[in-house]
Amino acid sequence: MSARVLVVAGERLARYGFGDGHPFGPDRHAAFWREFEARGLDRRAEVVETRAAGIDELLTFHTPAYVELVRQRSATGHGYLDGGDTPAWRGVFEAASDVVGATLLASEALAEGRANRAFIPIAGLHHASRASAAGFCVFNDIGVAVEALRARFGVQRIAYVDIDAHHGDGVFYAYESDPALIFADLHEDG
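Residues numbered from 1 in each chain as written. Predicted model: local features only at pLDDT ≥ 70, side-chain atom pairs only at ≥ 80, totals over all residues. Heavy atoms only, no water.

**Q** Hey, could you go over the sheet that holds strand β1 (residues 5-8) for me, with residue numbers and the actual values?
**A** The 3 strands are arranged β2-β1-β3 in an open sheet whose pairing can be described as parallel. Strand pairing shows two members of the sheet lacking a second neighbour, β2 (46-48) and β3 (117-119), which therefore form its edges. For this sheet, the mean angle separating the axes of adjacent strands, direction not counted, is 20 degrees. Of the strand pairs in this sheet, β1 and β2 are connected by 3 bridges, and their pairing is parallel. Directly across from V8, in β2, lies its bridge partner V48. On top of the sheet, helix α5 (residues 92-111) reaches β1 and β3; it is set at about 170 degrees to β1, its chief contact. (Pairing = 2+ DSSP bridges. Helix = DSSP H or I, 4+ residues; strand = E, 2+ residues; numbered from the N terminus. Axes fitted to C-alpha atoms, helices over the stretch in contact; angles between N-to-C directions. Contact = heavy atoms within 4.5 Å.)

Encoded structure:
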């Protein structure tokens, strides 16, 4: 790779979004891409399309019952994936699997030295717990990446820095008693 910055973006990743004026709408990726091209950044980075995370990869962090619930609700497009915050739609399983795949592609490129930095405009779904969606986050791509870095690359200690306005509760509660994961979360209060 000539560019040392990897960007995982494209049509497959753009599918992750909730319609009907939802705050996490499908227009987010398009807005990113317009600005990315306008600044010429697409010529300064290696841009790749995502891949879907496999069921076995999702199960490294999520429970089998939850993964199956998402598959079922994705097929019908009805119901919620949590207590009423994260609605299901047809194809949500595939779209969320693509987000996890994007994070895995980026973390693999970094671990293998094929990139020095990586960016994914639709990722960091830090609210999903092992057994439930939350805050518009269906699968916790960060949790899956932590498990992949440990299993595939033998990474012993991981520092997770979250700069979202909201607390990364899905990651925090999954790893709060894990001394090998350092957690720094800079979020608003109130």
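Next comes the rest of the account.
**Q** Describe the pairing of strand β4 (residues 158-162), and please don't skip the residues or the numbers.
**A** Here β4 shows a buried face lined by I158, Y160 and D162 and an unburied face lined by A159 and V161. Traced from β4 through helix α7 (residues 169-175) to strand β5 (residues 181-185), the parallel crossover comes out right-handed. (Buried < 20%, exposed > 50% of the residue type's maximum accessible area, 1.4 Å probe, protein only. Right-handed = clockwise from strand over helix to strand, strands pointing away.)

**Q** Before we move on, could you go through a nonpolar patch on the surface and cite the residues and values that matter?
**A** A contiguous nonpolar surface patch, about 350 Å² in accessible area, is contributed by V161, I163 and L186. With respect to the element layout, V161 can be found in strand β4. Classification of V161 by relative accessible area gives exposed; the value is 56%. (Patch = residues over 30% accessible without salt bridge, like charges linked within 9 Å, V, L, I, M, F, W, Y side chains within 5 Å. Areas by Shrake-Rupley, 256 points an atom, 1.4 Å probe, with all protein chains shown as cover. Salt bridge = Lys/Arg side-chain N within 4 Å of Asp/Glu carboxyl O.)

By themselves, these figures tell us nothing about what the structure is for.
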